[in-house]
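Notes for the structure review
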Amino acid sequence: MNCEDVEHFEIREVLRCILHTILFHRALGLVRPKDIDLELFEITYVQCGDVELERKIDEKIDQFIDRVEKHPNKKNQICLSFYEVKNKQATWFTNKVERLHWEQWYINLNVAQHPKGHLGKSHSSKVVVDPGDIATEARSARRGALESSLRDVLFQIIRFVNEKKDHVPPIPNLEGVSFPYEITISSSSDSAFGMDMFKRMLQTGHPTMLS
């Protein structure tokens, strides 16, 4: 899918849908599944039913949207990483803890920028096609394409997490519904992984994994 097709007002739903789907299917089993119907698309996805997890995701999405607004012409990236915590050899002064990422999901969005149109009054008696009607049809077609691609991505996520389990570490002795994870935000130009997640998922069926 061409991520340039994502409208500003669709960012929150698209990211919530993807991030929650990944986290739900990488959950540790201590979840209360909650079905969520998207308002903008005919899609239902599942959340873990954990208030703290929802708060963290919404917080990161807010940060992502804030970055998009400050840098409207850049393709911005949000990354969901799962990691293990390893204790490095202690020294005299420190007891270092290292995060070893075992799976990373990169999502790049380039939000559509629309120039403001200028509609003038027509003094002709002929029937004139309203440019607004054409724009509405185009938006409807774009929305349908985005919904189809988003649905495909959800199926790809589910297929991947069910098939690829060899790299998943033993369940940690930690409280919570998920493996340890972090969500980071940057410009896609800051990362060596420039391929957007939608395209990656549809073509290869798996995220970036680091061993």
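Above this text is the structure in question.
Residues numbered from 1 in each chain as written. Predicted model: local features only at pLDDT ≥ 70, side-chain atom pairs only at ≥ 80, totals over all residues. Heavy atoms only, no water.

1. Here we look at helix 1 (residues 11-25)
A rise of 1.5 Å per residue sets the reference length of helix 1, with its 15 residues, at 21 Å; its end C-alpha atoms lie 21 Å apart and thus fit the reference within 8%. Summarising burial for helix 1: 12 of the 15 residues are buried, a large majority. Listing the buried residues of helix 1 in full gives Ile 11, Glu 13, Val 14, Leu 15, Cys 17, Ile 18, Leu 19, His 20, Thr 21, Ile 22, Leu 23 and Phe 24. (Helix = DSSP H or I, 4+ residues; strand = E, 2+ residues; numbered from the N terminus. Expected span 1.5 Å × (residues − 1). Buried < 20%, exposed > 50% of the residue type's maximum accessible area, 1.4 Å probe, protein only.)

2. Here we look at helix 2 (residues 51-70)
For helix 2, with 20 residues, the first-to-last C-alpha span of 29 Å sits near the 28 Å given by 1.5 Å per residue. Buried residues of helix 2: Leu 53, Glu 54, Ile 57, Ile 61, Phe 64, Ile 65 and Val 68, and no others. Buried residues along helix 2 cover an arc of 105° about the axis, so they all sit on one side. Exposed residues lying more than 90 degrees from the buried face of helix 2 are Val 51 and Lys 70. The backbone nitrogen of Glu 52 lies 3.3 Å from a side-chain oxygen of the residue at the head of helix 2, namely Asp 50. (Arc of directions from axis to C-beta. Polar contact = N/O pair within 3.5 Å; in protein donor to acceptor, adjacent residues only side chain to side chain.)

3. A short note on the packing of helix 1 against helix 2
Relative to each other, helix 1 and helix 2 sit at 140°, their axes nearing to 10 Å. The orientation of helix 1 with respect to helix 2, classified from their angle, is oblique. As for the relative orientation of helix 1 and helix 2, their crossing is right-handed in sense. Across the interface between the two elements, Ile 11, Arg 12, Leu 15, Arg 16, Leu 19, His 20 and Leu 23 from helix 1 touch Leu 53, Glu 54, Ile 57, Asp 58, Ile 61, Asp 62, Phe 64, Ile 65 and Val 68 from helix 2. (Axes fitted to C-alpha atoms, helices over the stretch in contact; angles between N-to-C directions. Parallel < 35°, antiparallel > 145°, perpendicular 65-115°, else oblique. Left-handed = near helix turned anticlockwise from the far one by under 90°. Contact = heavy atoms within 4.5 Å.)

4. Side note on the packing of aromatic side chains
With the rule as written, the count across this model stands at 3 aromatic pairs. Ring centres of Trp 102 and Phe 179 lie 5.2 Å apart, and the angle between their planes is 75°; this geometry places the pair in the edge-to-face category. Placement of Trp 102 in strand 4 (residues 97-109) and of Phe 179 in the loop between helix 3 (131-163) and strand 5 (181-187) is noted, with a sequence separation of 77 residues between them. Pair check on accessibility: Trp 102 and Phe 179 agree, each one buried. Where Trp 105 meets Phe 160, the ring centres are 5.5 Å apart and the plane angle is 85°; that geometry is what we call edge-to-face. Highlighted residues: Trp 105 in strand 4 and Phe 160 in helix 3, separated in sequence by 55 residues. Phe 160 matches Trp 105 in its accessibility class, with the two residues each being buried. (Phe/Tyr/Trp six-rings, centres within 6.5 Å; stacked < 30°, edge-to-face > 60°.)

5. Describing the side chain of Arg 26
Note that Arg 26 resides in the loop between helix 1 and strand 1 (34-37). Taking relative accessible area as the criterion, Arg 26 reaches 5% and is therefore assigned buried. Within the structure, Arg 26 has its side chain in polar contact with the backbone oxygen of Lys 164 (distance 3.2 Å). Ignoring sequence-local partners within four residues, the contact set of Arg 26 consists of Phe 82, Trp 102, Glu 103, Phe 160, Val 161, Lys 164, His 167, Val 168 and Phe 179.

6. Things to note about the pattern of salt bridges
All chains considered together, the criterion is met by 12 salt bridges. Two residues, Arg 142 and Glu 10, come together in a salt bridge whose shortest N-O distance is 2.7 Å. Here the residue Arg 142 occupies a position in helix 3, and Glu 10 occupies one in the segment before helix 1, the gap between them amounting to 132 residues. One continuous salt-bridge network, built from bridges that share partners, spans Glu 7, Glu 10, Arg 142 and Arg 143. (Salt bridge = Lys/Arg side-chain N within 4 Å of Asp/Glu carboxyl O.)

7. Considerations on the environment of Arg 151
As for its placement among the helices and strands, Arg 151 is situated in helix 3. Placed 109 residues apart in sequence, Arg 151 and Glu 42 show a C-alpha to C-alpha distance of 9.3 Å. If we ignore the near neighbours within four places in the chain, the residues touching Arg 151 are Glu 42 and Ile 43.

8. Some remarks on the nonpolar core
In this structure, Ile 11, Leu 15, Leu 19, Leu 80, Phe 82, Trp 105 and Leu 150 are the most contacted members of the largest nonpolar core, which totals 41 residues. Those elements giving two or more residues to this core turn out to be helix 1, helix 2, strand 3 (76-87), strand 4, helix 3 and strand 5. Examining the composition of this core, we find that 9 residues originate from one element, helix 1, more than from any other. (Core = buried A, V, L, I, M, F, W, Y, C linked by side-chain atoms within 4.5 Å.)

9. Observations concerning the environment of Val 177
Residue position: Val 177 is located in the loop between helix 3 and strand 5. Along the sequence, Val 177 and Leu 28 sit 149 residues apart, while their C-alpha atoms lie 5.5 Å from each other. With residues up to four places along the chain from it excluded, the contact list for Val 177 reads Ala 27, Leu 28, Leu 30, Val 31, Cys 48, Asp 50 and Leu 53.

Everything listed here is a matter of coordinates, which is why it stays silent on function.
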